[in-house]
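If you want the building blocks of each chain, they are given just below.
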Amino acid sequence: MKISVIGAGYVGLVTGCCLAEIGHEVVCTDNDPAKLKVLESGGLPIYEPGLDRVIENARKDKRLRFLSDPGETIRSGDAIFICVGTPPLPDGDADLSAIDNVARLIATEARSPKLVVEKSTVPARTGQELKRALAVYGRKSGVELRVASNPEFLREGTAVGDFLHPDRIVVGVEDETAEKQLREIYRPVIERSFQCPIHTPKCPNGPAPSFVVTTINSAELIKHASNSFLALKISYANMVADLAEKLGADIEEVTQAMGMDPRIGSTFLKAGLGFGGFCLPKDLQAFVHLAERSGVDFSMLKEAEKINHGRIERFYEKVREMLWVIRGKQIGVLGLAFKANTDDVRFSPAIDMIRHLLAQGARIRAYDPEAVERAKAILPEIEYAKSPYDAAQDSEALVIATEWDEFRKLDWERVQKAMVRPLILDGRNLLSPKEMKARGFEYRCFGRASANA
Ligand code: UGA
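Rules used throughout
Residues numbered from 1 in each chain as written. Predicted model: local features only at pLDDT ≥ 70, side-chain atom pairs only at ≥ 80, totals over all residues. Heavy atoms only, no water. Helix = DSSP H or I, 4+ residues; strand = E, 2+ residues; numbered from the N terminus. Rg over C-alpha atoms; globule rule 2.2 N^0.38 Å. Buried < 20%, exposed > 50% of the residue type's maximum accessible area, 1.4 Å probe, protein only. Axes fitted to C-alpha atoms, helices over the stretch in contact; angles between N-to-C directions. Parallel < 35°, antiparallel > 145°, perpendicular 65-115°, else oblique. Contact = heavy atoms within 4.5 Å. Nonpolar A, V, L, I, M, F, W, Y, C, P; charged D, E, K, R; others polar. Pairing = 2+ DSSP bridges. Near = heavy atom within 4 Å. Polar contact = N/O pair within 3.5 Å; in protein donor to acceptor, adjacent residues only side chain to side chain. Areas by Shrake-Rupley, 256 points an atom, 1.4 Å probe, with all protein chains shown as cover. Core = buried A, V, L, I, M, F, W, Y, C linked by side-chain atoms within 4.5 Å. Left-handed = near helix turned anticlockwise from the far one by under 90°.

Moving on, we get to the overall build of the protein chain. The number of helices and strands found in the protein chain is 18 helices and 14 strands. Taken against the 2.2 N^0.38 rule, which gives 22 Å for 453 residues, the C-alpha radius of gyration of the protein chain at 23 Å falls within 12% of a compact globule. C-alpha atoms of the protein chain, sized along the principal axes, occupy 70 × 50 × 45 Å. With 453 residues in all, the protein chain has 55% of them scored as buried.

Packing of helix α6 (residues 126–137) against helix α9 (residues 216–247) leaves a shortest axis separation of 8 Å and a crossing angle of 130°. Accordingly, the angle class assigned to the pair α6 and α9 is oblique. Of the residues in α9, those in contact with Thr126, Gly127 and Gln128 of α6 are Ile216, Asn217 and Glu220. Broken down by class, the residue content of the contact of α6 with α9 amounts to one nonpolar, four polar and one charged.

Moving on, we come to the sheet that holds strand β11 (residues 383–384). Taken together, the six strands give an open sheet; going across it, the order is β11-β10-β9-β12-β13-β14, and neighbouring strands pair in parallel fashion. The sheet terminates laterally at β11 and β14 (442–444), the two strands that pair on one side only. Relative to β14, strand β13 (residues 423–426) runs parallel, the two being bridged by three bridges. Its bridge partner lying in β14, Leu423 is registered against Glu442.

By nearness alone, 22 residues border the ligand, and Glu152, Glu156, Lys223, Lys270 and Phe338 come closest of all. A distance of 3.0 Å separates an oxygen atom of the ligand from a polar backbone atom of Gly276. A distance of 2.8 Å is found between an oxygen atom of the ligand and a side-chain nitrogen or oxygen belonging to Lys339. Taken by itself the ligand offers 720 Å² of open surface, and the protein chains cover 93% of this. Among the elements of the structure, α9 and α11 (280–293) are those that each provide at least two residues to the shell around the ligand.

Right, let's talk about the environment of Arg125 for a bit. If you trace the backbone, Arg125 turns up in the loop between β5 (114–118) and α6. Residues in contact with Arg125, not counting those within four places in the same chain, are Asn217 and Glu220.

Turning our eyes to something else, we now look at unusual backbone geometry. Note the cis peptide between Thr200 and Pro201, where omega equals 0°. With a phi close to 65°, Trp324 is a non-glycine residue in the positive phi region. Relative to the assigned elements, Trp324 resides in the loop between α12 (299–323) and β9 (330–334).

Grouped together as the largest cluster of nonpolar side chains are 57 residues, with contacts concentrated most on Ile331, Leu336 and Met353. Ignoring any residue separated from it by four or fewer positions in sequence, one finds Met353 in contact with Leu273, Ile312, Phe315, Val333, Val399 and Ala401. Residues Leu39, Leu154, Ile185 and Tyr186 belong to the second largest nonpolar core, which totals 45 residues.

With that settled, consider the side chain of Lys223. Turning to its location among the elements, Lys223 is positioned in helix α9. Contact partners of Lys223, with chain neighbours within four places excluded, come to Thr121, Pro151, Glu152, Phe153 and Asp283.

On to the environment of Gly277. One can find Gly277 in the loop between α10 (251–259) and α11. Taking the relative accessible area as the measure of exposure, Gly277 reaches 1% and is therefore buried. Along the primary structure Gly277 and Val372 are separated by 95 residues, whereas in three dimensions their C-alpha atoms are 16 Å apart. Excluding residues that lie within four positions of it along the chain, Gly277 makes contacts with Phe338, Arg346 and Phe347.

Moving on: the packing of α9 against α10. How two helices pack is summed up by the angle between their axes together with the distance between the axes. Contact geometry of α9 with α10 gives a least axis separation of 9 Å together with a crossing angle of 135°. Judged on the interaxial angle alone, α10 and α9 are oblique. Where α9 crosses over α10, the handedness of that crossing is right-handed. Contact with α9, carried on its side by Tyr236, Ala237, Val240, Ala241 and Ala244, involves Ile251, Val254 and Met258 of α10 and no other residues of that element. Residues belonging to the contact of α9 with α10 are distributed by class as follows: eight nonpolar, no polar and no charged.

So this is what it looks like as structure tokens:
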């Protein structure tokens, strides 16, 4: 099928490239000329494992094009995926102005019937507003524009695999034609009939994805309810971690056993500096806002948000307890991205934590395998190290702020030699307290009484 993608941010790029990978003809546009230039010249503006291979395949087979002209992009596709940003407004509500602009563009530029698919994360009932906007702006053209919602459940760092091997594909539709078109678009994923670029020679066995058909309102609600539940789960684990520390228990033991209950599940129970990124925090806020506007008391989610904000202060207390005076001391930081396997530093707990330490007069020497360039743009005042060892050099403490795998397997003897004081403050519970102590480190983390005694 011919598909247009509007917005070449992280969701738009992964969606566009993967739709091309499974055999569709995709045209993608963005209103940022710099981003388009990078893409047109064969580069990628984001770091996302596996995406380089997918985009290379699509280019080679001439199934993916980037255009600066939104009108031409819109006219090229039978289905148009809206993947524009919905950033938070100062009051926490989602800013839907980009969606409104795209609706105006589609309505005025389309010359043939289109399926307009809302992929951006939006509050429930946005689809209805989108339908209204398309009707208002397109009242003169008379072109048929159907609306559907197809929320994404892509995690940064594993987004290509999430797209190609999802557990569910949710489509919110109002008519059978839209359902049929979306089923056709995703047929290769549902039937697993594509050549997988990330698993060779063959993909791991697993159940085929469920194709879930709902109303548009339900599909929108599913997305916000899912992200907010994940945030709630993390904050719950963090609260139990604080209690575990006080009671002499170990949060890792507790959550491991909890997670064995299939009703609870083992993921998103990792205690630490809390959740960040461009999705969970903003979706949580937008969901609270939506609930308030609808007269539903969602203070439970506000509490989850409060707990999350408190993680940085909680961690800072540990730093202060160990270092006593912070002013003038050099602290090495491992990790800047909001999580591992991405270069995204938006709403990163690592960045918040560094700002907190800077405000107390610390000198920071930070390292991240992928996120340094992006961090420099928002945090020019710190020193950037070339390696974890360089970050440790002459530091009085080494903070682990992002759960990159490479930080699990460092040459700890080398780290220790480089440091002024062998003190590890593990904000992601990445290491074993027992092993670190055996290696001669002072070690602090979250919710493990033995390490924090
Ligand atoms: C999240 C959702 O997981 C995706 O399903 C969704 O599609 C996406 O948002 C979106 O709305 O686009 P993502 O933002 O990539 O994906 O990140 P997550 O993997 O959810 O992690 C979010 C934050 O929570 C990270 O800072 C991570 O370090 C933290 N986290 C995660 C924890 O602190 N503990 C955990 O147990 C898990």
